[in-house]
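Summary of the model geometry
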Amino acid sequence: MIRQSYPLLLVIAVFFACQGTETEDASEPINLELEVTDSVRIPYVGVLSFMDIQPDMDRALFFDLQKRSFVSTDLQGNILGQFSKDRDSPDGFGSFPMAAGRFLDQNRIQLVSMYGVFEYDLEGNLLRSAKTPKDEIKGFSGRMDAIREIKQVGDQLLLTGLLPRTEYNKTQPEFYDTFQQLVWVDPQSGSMEQFLGLDSASIFQNNRSHEPTTLSATFDIRDNELFVISGGDPYLNVYELEEPYKKLKRIPLELTDFQVNPGEDPQKADPRAISFDPSYGMISKLTIVGDYLLINYTTGYEDLDREEYQSIQSQEQWQDFNERVGEKYKPRLQVLSLEGEKLLDIQTPDRLGNVFVSRDGNLWFNVLPNPDVEEDFFQINKVEIKKAGINRL
């Protein structure tokens with residue numbers, strides 16, 4: 001690993017009531033800082049998506065979107081294996097995984113798709129599979145990066161399970177009444193069970209038509225509690241992890257300039273269309289890191305910019321508009337306590353991407369390429385949330 005240690009552009013003072021120790025004043029401000037403390041650089045020509053890192057296994061996993069290949073490395077940046085799978089190959093997993101692949105050990109990678117659970121070695125040899133029964137296969141969408149992860153809960157796997165279409169469409173109230181956000185997966189049988197409906201107070205229950213992409217949940221677990229945020233609905237919901245998934249809390253999120261999408265008149269919406277409107281806010285990921293919650297989100301646009309966006313009719317107009325709003329509306333990170341109290345809310349520091357994972361109380365972020373210099377490597381940074389001003393040994 002490349003050792004680096006420097007503050008990440010911003011050190012923000014956050015004021016909150018400490019629950020105090022004998023040496024802390026309850027009114028004393030607490031300074032939190034995000035600090036890059038390590039990095040991994042992979043010599044690679046191409047575009048990689050960050051899937052997994054396991055420091056205790058000395059392994060990291062990426063996906064090349066152009067070649068549609070998985071790339072595994074050690075934490076010194078050495079490439080250990082690459083493989084791709086044709087959609088229809090006998091040992092293939094289908095078109096795309098439901099969530100990022102992950103390491104089971106130094107030599108085994110686990111993938112979950114709508115067709116089941118698959119394990120490969122670093123060269124792509126299929127080690128085992130548990131295929132979903134044909135009558136249970138559903139059209140779950142997925143991602144090629146760690147914005148969506150697989151979580152191990154006992155002997156089951158837990159994933160986000162977005163179904164853009166069911167027997168109902170987005171213009172019908174029944175779509176939202178029956179919508180299930182998460183999926184239990186049995187890695188032995190490949191069987192999948194959907195669960196966890198939308199909260200009754202969710203913006204998605206307002207009798208309007210919403211794009212299915214805005215319902216995609218992000219979640220994490222701690223002890224026996226399940227933390228969930230439903231896409232464009234700016235609330236943190238906390239449930240018991242066991243059935244019947246009793247709701248413990250619903251906490252409004254204090255997000256900077258977050259534009260809530262109220263949905264569309266169902267009579268005017270196209271029931272077949274699936275799109276995404278960046279002029280409204282979206283919460284992409286929630287993760288637990290140590291004693292904190294971290295979320296990343298986009299704010300959406302002010303009214304005048306939204307009107308301009310919705311009136312764009314040419315590629316040239318789109319390029320000019322996109323350059324301008326890209327500078328104006330930066331992605332943001334928010335740090336909260338485990339009770340949902342906002343502690344820090346900042347623009348995502350330059351060069352940090354929106355794909356990150358929490359490992360052993362630390363964060364690992366993908367690093368964006370330098371737009372001014374052609375690079376022949378891909379990098380991820382280890383980022384720690386620290387209380388500033390504390391003497392460290």
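Below, the structure is looked at part by part. Computed from a prediction, not measured in an experiment: that's the story for all the values here.

Cut-off values and rules
- Residues numbered from 1 in each chain as written.
- Predicted model: local features only at pLDDT ≥ 70, side-chain atom pairs only at ≥ 80, totals over all residues.
- Heavy atoms only, no water.
- Helix = DSSP H or I, 4+ residues; strand = E, 2+ residues; numbered from the N terminus.
- Rg over C-alpha atoms; globule rule 2.2 N^0.38 Å.
- Buried < 20%, exposed > 50% of the residue type's maximum accessible area, 1.4 Å probe, protein only.
- Contact = heavy atoms within 4.5 Å.
- Areas by Shrake-Rupley, 256 points an atom, 1.4 Å probe, with all protein chains shown as cover.
- Lys, Arg positive; Asp, Glu negative; His and termini not counted.
- Charge placed at Lys NZ, Arg CZ, Asp CG, Glu CD.
- 1 Å grid on protein atoms, 1.4 Å probe; cavity = no way out; pocket = protein on both sides within 12 Å on 5 of 7 lines; lining within 4 Å.
- Points joined across faces, edges and corners; volume = space filled by probe spheres on them.
- Pairing = 2+ DSSP bridges.
- Axes fitted to C-alpha atoms, helices over the stretch in contact; angles between N-to-C directions.
- Patch = residues over 30% accessible without salt bridge, like charges linked within 9 Å, V, L, I, M, F, W, Y side chains within 5 Å.
- Salt bridge = Lys/Arg side-chain N within 4 Å of Asp/Glu carboxyl O.

Time to look at the overall build of the chain. Scanning the chain for helices and strands turns up three helices and 25 strands. Computed over the C-alpha atoms, the radius of gyration of the chain is 21 Å, within 12% of the 21 Å expected from 2.2 N^0.38 for a compact globule of 393 residues. With the C-alpha coordinates aligned to their principal axes, the bounding extent of the chain is approximately 60 × 50 × 50 Å. The buried share of the chain, reckoned over its 393 residues, is 51%. Taking all contacts inside the chain whose residues are at least 6 apart in sequence as the whole, residues at least 24 apart take part in 57%. Of the roughly 19100 Å² of accessible surface on the chain, 46% is carried by carbon and sulfur atoms. Side-chain charges in the chain split into 39 positive and 64 negative, and the spacing between the mean points of these groups amounts to 2 Å.

Unoccupied space between atoms shows up once a probe the size of one water molecule is rolled over them. Volume-wise, the largest pocket comes out at about 1100 Å³. F276, S284, T298, P331 and N354 are, among the 36 residues lining the largest pocket, the residues nearest its centre. Among the elements of the structure, strand 19 (280-289), strand 20 (292-300), helix 3 (315-328) and strand 23 (352-359) are those that each provide at least two residues to the lining of the largest pocket.

We now examine the sheet that holds strand 12 (residues 156-160). Reading across the sheet, the four strands line up as 11-12-13-14 and stay open at both edges, with antiparallel pairing between neighbours. Here the strands that pair on one side only, and so sit at the sheet edges, are strand 11 (151-153) and strand 14 (192-197). Each strand axis lies, on average, 30° off the axis of its neighbour in the sheet, ignoring direction. Here strand 11 runs beside strand 12; their pairing, made up of three bridges, is antiparallel. Bridge pairing links K151 to L158 in strand 12.

Attention now goes to a negative patch on the surface. On the surface, D223, E225, E240 and E242 cluster together to form a negatively charged patch. With respect to the helices and strands, E242 occurs in the loop between strand 17 (235-240) and strand 18 (247-252).

As a further point, take the pattern of salt bridges. One pass over the full model with this rule turns up 26 salt bridges. Residue E211 pairs with K170 through a salt bridge whose shortest N-O separation is 2.6 Å. Highlighted residues: E211 in the loop between strand 14 and strand 15 (217-222) and K170 in the loop between strand 12 and helix 1 (173-177), separated in sequence by 41 residues. The two residues E211 and K170 agree in class, both being buried.

What follows concerns the pairing of strand 4 (residues 59-64). A large share of strand 4 lies buried, amounting to six of its six residues. Taking every second residue as pointing to the same face, both faces of strand 4 are buried, with R59, L61 and F63 on one and A60, F62 and D64 on the other. Where strand 3 (residues 48-54) meets strand 4, six bridges bridge the pair, whose relative direction is antiparallel. Of the residues in strand 4, the one forming a bridge with S49 is F63. The antiparallel pairing of strand 3 with strand 4 creates a hairpin that spans four residues between the two strands, and D58 there sits at a positive phi of about 60°. Here strand 4 folds back onto strand 5 (residues 69-73), and the loop between the two strands holds four residues, one of which, R68, carries a positive phi near 55°.

Once that is clear, we can look at empty space enclosed by the protein. Applying the stated criterion across every chain, the model contains four cavities of 30 Å³ or more. Of the volumes computed, that of the largest cavity is approximately 90 Å³. If you go around the largest cavity, you meet 13 residues; those closest to its centre are I147, R148, E149, T218 and F219. Counting only elements with at least two residues in the lining of the largest cavity, the list comes to strand 15 and strand 19. Sort the elements by how many residues they give to the lining of the largest cavity and strand 15 lands first, with four residues.

This part takes up the sheet that holds strand 17. In any sheet, the strands associate via hydrogen bonds between backbone groups, in a parallel or an antiparallel arrangement. The strand order across the open sheet formed by four strands is 15-16-17-18, and the pairing between neighbours is antiparallel. At either margin of the open sheet sits one strand with a lone partner, and together these are strand 15 and strand 18. Here the strands of the sheet are splayed against their neighbours by 20° on average, with no regard to which way each runs. Judged from the four bridges that link them, strand 16 (residues 225-230) and strand 17 form a sheet pairing that is antiparallel. Across the sheet, F227 pairs through a bridge with V238, a residue of strand 17.

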